[in-house]
Amino acid sequence: MTVTKEESGEDSGKNAGDDLRDGYTPSQRRLERERFKRARARRATAVAALSTLVTGVVLYLVVVNAPGWPRTKETFFSARYAREAFPKVLDGLWLNVRLLLVCGAAVLVLGMLIAVARTLRGPVFFPLRVLAAAYTDFFRGLPLIINLMIVVLGVPALRLQGVTVDPVLLGGTALTLTYSAYVAEVFRAGIESVHPSQRAAARSLGLTNRQALRHVVLPQAVRRQVPPLLNDLVSLQKDTGLVSIGGAVDAVRAADIIVGRSLNYTPYIVAGLVFVALTIPMTRLTDWVTARMDRQRAQGGSL
């Protein structure tokens, strides 16, 4: 009696195409099962597409048949004001992108330093640990909008000699102060997730505490915390629009100028969509990195 690989339970993870390339002819039952899986996948895709289409049509009908839709359409979705606002919003968006790049780099460096300060061992570092903990507690609890107002509006009022009053620089400083506290906690969680045996093994090989932290602990900590760090970067990208409260002409402020002149809110919609278009690739990158790390952890590998 001849026993096929499928019936004996061998190599159950291969598909029919791989079996054919290996010179193995799958059984009729396996071929039927593969056809059933493909048919079920096509049916699931068709059902998902149909349900999405029906939901979209229902929402569209509900919105356009609302009593106030004509006025809402003219106030928030005017093609005329959208065409006027789009180039000005794009010009202002360049400021948001520059803030993201500069503040993002500063946040990573400052956040790492604070996290390392919080994880230093020994009684001599106690004051440093207390200061780092106080910093993270304060700026994580302080609303970002209040921090921006204090820095952007309060610092110029002090009239300090040699201190800038540029709202862009002050706004970037406020963003860095707040987000450094969040990123520091992300880094600290990564550092504390590294098993103590890693540090002990590094010490047994002759590395000092500083060398073990730099070459063994920190690389593993950063690698494990990539997804939450990318999430914080996405949040920072959106919050760069808040620097407009100090008068900096970014994408939000450019839209606000047109709204103030025309009393039409379409420019806000344009600015919002531009931010969404900028954020979606970063969000998808975060999802991809997270899924990749999950797969590698399941396989016992590392990033």
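Structural notes, computed from the coordinates. Just so it is clear, the model here is predicted, and its values are computed rather than measured.

So, about the packing of aromatic side chains. A complete count under the given rule lists 6 aromatic pairs for this structure. The interplanar angle of 40° and the centroid separation of 6.0 Å between the aromatic rings of Trp69 and Phe77 together place this pair among those described as tilted. For Trp69, a relative accessible area of 22% gives the class partly exposed. Phe77 sits in the partly exposed class, given a relative accessible area of 46%. A centroid spacing of 6.1 Å and a plane angle of 25° characterise the contact between Tyr265 and Tyr268, whose relative ring orientation is stacked. You can call Tyr265 partly exposed: its relative accessible area is 35%. The class for Tyr268 is partly exposed, based on a relative accessible area of 34%. Here a set of aromatic residues connected by ring pairs shows up, and it is made of Phe76, Tyr265 and Tyr268.

On to the nonpolar core, then. Grouped together as the largest cluster of nonpolar side chains are 29 residues, with contacts concentrated most on Val116, Leu175, Phe187, Ile191, Leu218 and Leu236. If you list the elements that add at least two residues to this core, you get helix H5 (79-119), helix H7 (144-158), helix H8 (167-193), helix H10 (209-224) and helix H11 (226-239). For Val116, the contacting residues outside a window of four places in its chain are Ile191, Leu213 and Leu218. Ranked by size, the runner-up nonpolar core spans 10 residues in total, among them Ala85, Val89, Ile258 and Phe275.

Okay, the environment of Leu99 next. Examined against the element boundaries, Leu99 turns out to sit in helix H5. Its relative accessible area of 7% is what places Leu99 among the buried residues. Linking Leu99 and Leu175, residues 76 residues apart in sequence, is a C-alpha distance of 9.2 Å.

Moving on: the side chain of Gln237. Within the element layout of this structure, Gln237 appears in helix H11. Excluding residues that lie within four positions of it along the chain, Gln237 makes contacts with Asn96, Leu100, Phe275, Leu278, Thr279 and Met282.

A separate point is a nonpolar patch on the surface. On the surface, a nonpolar cluster with roughly 760 Å² of combined accessible area is contributed by Leu50, Leu53, Val54, Val57, Val58, Tyr60, Leu61 and Val62. With respect to the element layout, Leu53 can be found in helix H3 (residues 28-64). Here Leu53 falls in the exposed class, since its relative accessible area comes to 54%.

Cut-offs and rules
- Throughout, residues of each chain are indexed from 1 in the direction in which the sequence is written.
- Local features in this predicted model are restricted to residues of pLDDT 70 or higher, and side-chain atom pairs are both shown and tallied only at a pLDDT of 80 or more, whereas totals for entire chains, interfaces and linings draw on every residue.
- Side-chain measures here rest on the full set of heavy atoms in the structure, leaving out hydrogens and waters.
- Pairing of aromatic rings covers Phe, Tyr and Trp, the last through its six-membered ring, and needs centres within 6.5 Å; plane angles under 30 degrees mean stacked, over 60 mean edge-to-face, and all others mean tilted.
- Burial classes follow relative accessibility: with a 1.4 Å probe on protein chains only, a residue under 20% of its type's maximum area counts as buried, one over 50% as exposed, and anything between as partly exposed.
- Only buried Ala, Val, Leu, Ile, Met, Phe, Trp, Tyr and Cys residues count toward a nonpolar core, and they belong to the same one when joined by side-chain atoms within 4.5 Å.
- Secondary structure elements follow DSSP: runs of H or I no shorter than four residues count as helices, runs of E no shorter than two count as strands, and numbering proceeds from the N terminus.
- Note on contacts: a residue pair qualifies if any of its non-hydrogen atoms lie within 4.5 Å across the two residues.
- Patch membership requires more than 30% relative accessible area and the absence of a salt bridge. Residues of like charge join within 9 Å; the nonpolar side chains Val, Leu, Ile, Met, Phe, Trp and Tyr join within 5 Å.
- In these tables, accessible area is a Shrake-Rupley quantity obtained with a 1.4 Å probe, and a residue counts as shielded only by the protein chains included in the view.
- In what follows, salt bridge is the name for a side-chain nitrogen of Lys or Arg lying within 4 Å of a carboxyl oxygen of Asp or Glu.

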